[in-house]
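# Structure at a glance
Residue-level listing of the chains:
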Amino acid sequence: MSLKTTPAVRLEGVRLSFGPTPVLDGVSLTVAEGEVLVLLGASGSGKTTLLRVLAGLEWPSAGRIRIEDVEVDAATTPPRRGRDALRSRTAMVFQQHNLFPHRTVLGNVIEGPVSVQRRSRADAEQEARRLLDRVGLGERADAYPAELSGGQQQRVGIVRALALHPRVLLFDEPTSSLDPELVGEVLTVMSELAAEGWTMIVVTHELGFARAVADSIAFLDGGTIVEHAPSADFFAAPRTDRARRFLARLDGGFHP
Amino acid sequence: MDLSLFLDSLGPIALGAITGTIPLALVSFAFGLVLAVVVALARMSPSRWLRWPARAFISVIRGTPLLVQLFVIFYGLPNLGWTLDAWPSAVIAFTLNVGGYGAETIRAAILSVPRGQWEAAFMIGLGRRQTLTRVILPQAARVSVPPLSNTFISLVKDTSLASMIMVTELFREAQKIAAFTQEFLALYIEAALVYWLICLVLSAAQSRIETRLERHVA
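The shown structure was predicted, so the numbers you read here are calculated from the model rather than taken from an experiment.

## Brief notes about the overall build of chain A
- Within chain A, the secondary structure is distributed over nine helices and ten strands.
- For 256 residues, the compact-globule formula gives about 18 Å, and the C-alpha radius of gyration of chain A, at 18 Å, lands near that figure.
- Taken along its principal axes, the extent of the C-alpha atoms in chain A is 50 × 50 × 40 Å.
- Here chain A, with 256 residues, has 55% of them falling under the buried criterion.
- Considering only contacts in chain A between residues 6 or more positions apart, those separated by 24 or more positions represent 65%.
- As presented, chain A carries roughly 11100 Å² of accessible surface, and 48% of it is formed by carbon and sulfur atoms.
- In chain A, 29 positive and 32 negative side-chain charges are present, and the distance between their average locations comes to 5 Å.

So this is what it looks like as structure tokens:
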């Protein structure tokens, strides 16, 4: 394994509350360039919110975030500018794919590059077709999202994110709304991206994927990171009780 | 009923529809839709200086009779020194009316577009204006076709009120012939039939537009 030392993402003391309840209660974290970090935790632990903060979809009430060359501080950066800055370095794959239903697959992928990044349509289309080919959807470029299976839709969602040339890829439970037989095709694409050296932060309940692909695991509970360890160490011997119980529940499945 | 009277009066009544009712409805609806989108966006704005006037406008338009609005514009405004011809008065009144009712329709349609669509648009970097024009409004359009068709069909029939300010249109032609021949029942039924015919055509058009817009939706 290559030495992964340059930090791509650094969070310090990130806090966010919806109403009186803190959802993120002082999160500090670094992610190296090319690292695959999986966020684990029960629902309500704050993992999705953390991802949404990095995507610029939520603005924290306190804390500093740096993504490569961009740095924001909840105390001093105007929220709109800060959210935009974070957004410009990341791209998100959503749980419900959120493809634009009125646009073809190709239209979905080139919308950002053409309308926002002002690249030429021909150039953007060429790259989009190449990326679609790579995830096995070269033939479906002119289909509409509703004509695709859930797994295909999610792969288009991944290509839409890749086409933006982000520095960090964010995945918000990308397989949890899929039928079980479609999960594999999406995870395969994600493993390939990891192998190519993309910096990825993934919220998922797929422990098999986390074990095989993640470099490190951050386990969240109550809005804080209670355990952050290399993936192998985390799965071999979780240090905290809460992580142990969480893993036992997820791994063990149904225990009446 | 006298068939020759029916046929003889059909010409002027149809002419009234073609030169009065239909263009009046089309022009007012086109302007009214633009106004409706603007008012809907103002009504949803985070700024209260936009939200409040929009609410007030919708409230006044929906809370007062169209005939009274028409009279205020045509007979009332001259007291302030603003004299408008009958046609522009009618277009203004109907435009404001479509704007008021349509705004609520369009607001509801915009709200029906899932939150995830806004988030995906933000994710790829679209600004607010681009998000609206390229992502949200095209999807809202589909949802708003049935209620906006209702508004348009109502408008076609409401243009008969323009006869009260002497706009030459379908109903005014029927009234003139009825007054001359004293065949009120025949002429007013004939007018009703022509309105009905126009609305049948509009309903068919609505179905076609809906089918077209439903194409890519699961």
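## Remarks on the interface of chain A and chain B
- Contacts between the two partners involve 27 residues from chain A, matched on the other side by 19 residues from chain B.
- Taken together, the two surfaces of chain A and chain B that pack against each other cover about 2000 Å², and 61% of this comes from carbon and sulfur.
- The largest share of the area that chain A buries against chain B comes from R87, F100 and H102 of chain A, three residues that together contribute 23% of it.
- Taken together, the connections running from chain A to chain B amount to two salt bridges.

## Describing the pairing of strand β4 (residues 62-67) of chain A
Residue and element names in this part refer to chain A.
- The side-chain alternation of β4 yields one buried face, formed by G63, I65 and I67, and one unburied face, formed by A62, R64 and R66.
- Strand direction decides the pairing type here: strand β1 (residues 7-18) and β4, joined by five bridges, are antiparallel. Bridge pairing links R15 to A62 in β4.
- Pairing analysis gives four bridges linking β4 to strand β5 (residues 70-73), with the strands arranged antiparallel.

## Observations concerning the packing of helix α2 (residues 48-63) of chain B against helix α4 (residues 86-112) of chain B
All names here are of chain B.
- Across the interface, α2 lies against α4 with an axial gap of 9 Å and an inter-helix angle of 115°. Here α2 runs over α4; the crossing is left-handed. Residue-level inspection shows F57, I58, I61 and R62 of α2 in contact with α4, the latter providing L96, N97, G99, G100, Y101, A103 and E104.
- Within the contact of α2 with α4, the residues separate by chemical class into six nonpolar, three polar and two charged.

## Describing the UniProt feature "domain: ABC transporter" (unreviewed entry) in chain A
- Residues given the UniProt feature "domain: ABC transporter" (unreviewed entry) here are residues 9-247 of chain A.
- Helix makes up 39% of residues 9-247 of chain A and strand 27%, whereas the separation of the span's terminal C-alpha atoms amounts to 26 Å.

## Details of the side chain of S163 of chain B
- Of note, S163 of chain B is situated in the loop between α6 (128-158) and α7 (170-181).
- For S163 of chain B, the residues in contact, after removing those within four places along its chain, are E169, F171, R172 and Q175 of chain B.

## A few points about a nonpolar patch on the surface
- Taken together, L185, I189, L193, W196, L197 and L200 of chain B make up a surface patch of nonpolar side chains, about 650 Å² in accessible area.
- Along the chain, L193 of chain B falls in helix α8 (residues 184-214).

## Describing the UniProt feature "transmembrane region" (unreviewed entry) in chain B
- In this structure's numbering, the residues bearing the UniProt feature "transmembrane region" (unreviewed entry) are residues 12-42, 54-77 and 185-205 of chain B.
- Along residues 54-77 of chain B one finds 88% helix and 0% strand; the C-alpha atoms at either end are 22 Å apart.

## A closer look at the UniProt feature "domain: ABC transmembrane type-1" (unreviewed entry) in chain B
- Under the UniProt annotation, "domain: ABC transmembrane type-1" (unreviewed entry) lies at residues 18-206 of chain B.
- Regarding residues 18-206 of chain B, the helix share stands at 82% and the strand share at 0%, and the terminal C-alpha atoms are separated by 20 Å.

## What to know about the packing of α6 of chain B against α8 of chain B
All names here are of chain B.
- Closest axis-to-axis distance for the α6/α8 pair is 10 Å, and the angle between their directions is 170°. Looking at the two axes, α6 sits roughly antiparallel to α8. The residues of α8 that touch α6, namely those facing A141, R142, V145, P146, S149, F152, I153, V156 and K157, are Y195, I198, C199, L202, S203, Q206, I209, E210, L213 and E214.
- Looking at the contact of α6 with α8 residue by residue, the classes come out as twelve nonpolar, three polar and four charged.

## Some remarks on the environment of P78 of chain B
- The topology assignment puts P78 of chain B in the loop between α3 (66-76) and α4.
- Classification of P78 of chain B by relative accessible area gives partly exposed; the value is 30%.

## A short note on the nonpolar core
- Counting 108 residues, the largest nonpolar core has M200 and I201 of chain A as its most contacted members.
- The element contributing the most residues to this core is helix α6 (residues 180-195) of chain A, with eight residues.
- Contacts of M200 of chain A, omitting those with residues within four sequence positions, involve E35, V36, L37, L169, F171, M190, L193 and A194 of chain A.
- L148, V194, C199 and L202 of chain B belong to the second-largest nonpolar core, a separate cluster that totals 36 residues.

## Notes on α7 of chain B
Residue and element names in this part refer to chain B.
- Taking 1.5 Å as the rise per residue, α7 with twelve residues should run 16 Å; its terminal C-alpha atoms sit 17 Å apart, in good agreement.
- What α7 keeps buried is the set L170, E173, A174, I177 and A178. Summarising the axial view, the buried residues of α7 lie within an arc of 130°, below the 170-degree limit, and thus occupy one face.
- Tucked into the core, α7 has its buried residues touching α1 (3-43) and α8.
- Just past α7, the residue Q182 takes up positive phi, approximately 65°.

## Things to note about the pattern of salt bridges
- The full count for this structure, using the stated rule, is 22 salt bridges over all chains.
- Here D241 of chain A makes a salt bridge to R244 of chain A, at a shortest N to O gap of 2.8 Å. Here D241 of chain A and its partner R244 of chain A are both found in helix α9 (residues 241-252), three residues apart, which amounts to about one turn of the helix.
- On the basis of relative accessibility, which here comes to 40%, the residue R244 of chain A falls in the partly exposed class.
- Where R43 of chain B meets E104 of chain B, a salt bridge forms, and the shortest distance between an N and an O atom there is 3.9 Å. In this pair, R43 of chain B sits in helix α1 while E104 of chain B sits in helix α4, placing the two residues 61 residues apart along the sequence.

Procedures and definitions
- Residues numbered from 1 in each chain as written.
- Chains lettered and ligands numbered in written order.
- Predicted model: local features only at pLDDT ≥ 70, side-chain atom pairs only at ≥ 80, totals over all residues.
- Heavy atoms only, no water.
- Helix = DSSP H or I, 4+ residues; strand = E, 2+ residues; numbered from the N terminus.
- Rg over C-alpha atoms; globule rule 2.2 N^0.38 Å.
- Buried < 20%, exposed > 50% of the residue type's maximum accessible area, 1.4 Å probe, protein only.
- Contact = heavy atoms within 4.5 Å.
- Areas by Shrake-Rupley, 256 points an atom, 1.4 Å probe, with all protein chains shown as cover.
- Lys, Arg positive; Asp, Glu negative; His and termini not counted.
- Charge placed at Lys NZ, Arg CZ, Asp CG, Glu CD.
- Buried area = accessible area lost by both parts, 1.4 Å probe.
- Salt bridge = Lys/Arg side-chain N within 4 Å of Asp/Glu carboxyl O.
- Pairing = 2+ DSSP bridges.
- Axes fitted to C-alpha atoms, helices over the stretch in contact; angles between N-to-C directions.
- Left-handed = near helix turned anticlockwise from the far one by under 90°.
- Nonpolar A, V, L, I, M, F, W, Y, C, P; charged D, E, K, R; others polar.
- UniProt positions renumbered as here; feature names shortened; annotations may be inferred.
- Patch = residues over 30% accessible without salt bridge, like charges linked within 9 Å, V, L, I, M, F, W, Y side chains within 5 Å.
- Parallel < 35°, antiparallel > 145°, perpendicular 65-115°, else oblique.
- Core = buried A, V, L, I, M, F, W, Y, C linked by side-chain atoms within 4.5 Å.
- Expected span 1.5 Å × (residues − 1).
- Arc of directions from axis to C-beta.

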